[in-house]
Amino acid sequence: MERKIPSFIKIYESLISIPTISSHNKLLDQTNKNFIDLLSNYLSDLNFSIKINQVPDTNKFNMLASIGSGDGGLLLSGHSDTVDFDENTWTKDPFTLTEIDNKFYGLGTVDMKGFFAFLLEVLSSINSKKIKKPIYILSTANEETDMSGAKYFMTSSIIRPDCIIIGEPTSLELINAHKGHISYSIQVVGSTGHSSNPDDGVNSIEIMHNIIENLISLKKYLKQKYENKKFSVPYPTMNLSSIHGGDAINRICSLCTLNIEIRPIPGLTLTQIEILIQEKLQSIIQKWSNRIILKKLYSAVPAYQCCKNKNVTKIVEKLCSLNSKTANYCTEAPFFKKIAPTLILGPGSIRQAHQPDEYLDSSFIQPTINVFNKIIHKFCC
Ligand SMILES: [Zn+2]
């Protein structure tokens, strides 16, 4: 059969060469339009139909490509964006795929633009006459910031495949549950004065001390109340991440800010966390009414567990000779839950994600192609 698209390496190179950085810093944030266009071109060369949708209020785009018709089928998903990079710590060009000692270096090689090169490689070898159920390829925007691409897809998509697989770098392990993430900034606005007379001001550090006591009590409560032994850290965690306050030694501290994060396990919802935080801090907030500002930071991701009554996990486990596991990092899976049972499985290690000199170990290449070949055939051919 004549090959309709360039070689795996050529495609891999081209995907890495287009910067698609997502950042909360507007100066670093980039559109993913060129990447989506390139990916769409490869897929339309393989006879896929392409839909590109702009994510509302952004300059970013989601792409859904499909081939085959009817109900069910398989959706393979990856995010099109990467994190930003620190040029002082990278020793290679982040946008040039560089192979040294069986490692392929570049920003997004594992997390996760590289995944699309694998999919294209597998898809280019499939005889389209054998396709009985639809194959969907989804590329989302803004996964690394607010997951707005996945959230928009969830609300706007009408397709209902039998299974979704997100190709995040799991070292080709099958992940069917992961923790969530929510973070807060707590600001205490006291009032300053000379330290020689405490009654001249309101010391924000002292109020923050009370807040921290209550948060630590909540941290203990979460650990006692919730448990899931499938996780390496089998309970919801809370981290007091940073604290800033005060300046001169002889001045009452007026402003103190604390940032915290909580990582829930499945069964503890984001709403429950919000309620617990409010309850725990209620008495302090009441006492100091307008001096405490509680703000959610970034966008929260719920914990995820693939619904058990669907046996999709078992099918993929058996097919790939894998036992499903859990992960401590977040993915877009909670937002795809309503569309179809979602699993996470992909090439490369999460240890290289978001790191300088990100790379894919070449030992993943052939096994990944084999695994996705099997999966696509099982669900769609
Ligand atoms: Zn990722």
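Within every chain, residues take consecutive numbers counted from 1 along the sequence as written. Given that the model is predicted, a residue must reach a pLDDT of at least 70 before its local features are reported, and side-chain atom pairs must reach 80 or more before they are shown or counted; all residues, however, enter totals for whole chains, interfaces and linings. The side-chain figures draw on all heavy atoms in the structure; neither hydrogens nor water molecules are used.

## Some thoughts on the coordination of the zinc ion
Test applied: Coordinating donors are taken as N, O and S atoms within 2.8 Å of the metal, stretched to 3.2 Å for Na, K and Ca; because water is absent from the atoms, sites can appear incomplete. Helical segments are the DSSP runs of H or I of at least four residues, strand segments are the runs of E of at least two, and each set is numbered from the N terminus. Relative accessibility thresholds used throughout: buried, under 20% of the residue-type maximum; exposed, over 50%; partly exposed, between the two (1.4 Å probe, protein chains only).
Around the zinc ion, the donor atoms from the protein are His-79 (NE2), Asp-111 (OD), Glu-168 (OE) and Glu-168 (OE), and they sit 1.8 to 2.6 Å away. If you list the donors of the zinc ion from N- to C-terminus, the spacing comes out as H-x31-D-x56-E. With Asp-111 in the loop between strand E5 (103-105) and helix H3 (114-124) and Glu-168 in the loop between strand E7 (163-166) and strand E8 (175-178), the pair connects residues that are 57 residues apart, well separated along the chain. In terms of burial, Asp-111 and Glu-168 fall into one category: buried.

## Things to note about the domain arrangement of the protein chain
Spelled out, the test is: The source of the domain bounds is an automatic or database domain assignment. Note on contacts: a residue pair is in contact if any heavy atoms of the two residues lie within 4.5 Å. Summed over both partners, buried area is the accessible surface (1.4 Å probe) that two parts give up on being assembled.
When its domains are assigned, the protein chain resolves into domain 1 (8-178 + 303-380) and domain 2 (181-300). Centre-to-centre, using C-alpha coordinates, domain 1 lies 36 Å away from domain 2. Taken together, the contacts link 14 residues of domain 1 with 12 residues of domain 2. Summing both sides of the interface, domain 1 and domain 2 together bury roughly 960 Å²; the carbon and sulfur share of this comes to 55%. Among the residues domain 1 hides against domain 2, the three largest losses belong to Ala-303, Thr-326 and Asn-328. Together they make up 47% of the total.

## A few points about the pattern of salt bridges
Test applied: Any carboxyl oxygen of Asp or Glu within 4 Å of a side-chain nitrogen of Lys or Arg constitutes a salt bridge here.
Within this structure, the stated rule accounts for nine salt bridges. Among the salt bridges present, the one from Arg-3 reaches Glu-121, with a minimum N-O distance of 2.8 Å. Of the two residues, Arg-3 is situated in the segment before helix H1 (8-17) and Glu-121 in helix H3; the sequence distance between them amounts to 118 residues. Judged by its relative accessible area of 38%, Arg-3 is partly exposed. Residue Asp-162 is joined to Lys-133 by a salt bridge in which the shortest nitrogen-to-oxygen separation is 3.4 Å. Of the two residues, Asp-162 sits in the loop between helix H4 (148-156) and E7 while Lys-133 sits in the loop between H3 and strand E6 (135-140), which places them 29 residues apart along the sequence. Asp-162 gets classed as partly exposed once you look at its relative accessible area, which sits at 30%. Relative accessible area serves as the criterion here: at 34%, Lys-133 is assigned to the partly exposed category.

## A word on the environment of Thr-368
Structurally, the position occupied by Thr-368 is in helix H9 (residues 365-380). Between the alpha carbons of Thr-368 and Thr-109 there is a distance of 14 Å; along the sequence they are 259 residues apart. If near-sequence neighbours (up to four positions away) are discounted, Thr-368 is found in contact with Phe-118, Leu-172 and Pro-347.

## A few points about helix H7 (residues 312-320)
Note the threshold: Relevant arc is that of directions from the helix axis to the C-beta atoms, nothing else.
Buried within H7 we find Val-312, Thr-313, Val-316, Glu-317 and Cys-320. Mapping the buried residues of H7 onto a view down its axis gives an arc of 135°, with all of them on the same face. Across H7 from its buried face, at more than 90 degrees, point the exposed residues Lys-314 and Lys-318. Two residues or fewer after H7 comes Ser-321, characterised by a positive phi angle close to 50°.

## Side note on the pairing of strand E2 (residues 61-67)
Rules: A pair of strands counts as paired when DSSP detects no fewer than two bridges linking them.
For E2, the buried fraction is high: six of the seven residues fall into the buried class. Sheet topology places strand E1 (residues 49-54) next to E2; six bridges connect them, and they run antiparallel. For Ser-49, the partnering residue across the bridge sits in E2 and is Ser-66. Count of turn residues in the E1/E2 antiparallel hairpin: six residues, of which Asp-57 carries a positive phi of about 60°. Alignment of E2 against E6, held across five bridges, turns out to be antiparallel. When the bridges of E6 are listed, Ser-66 appears paired with Tyr-136.

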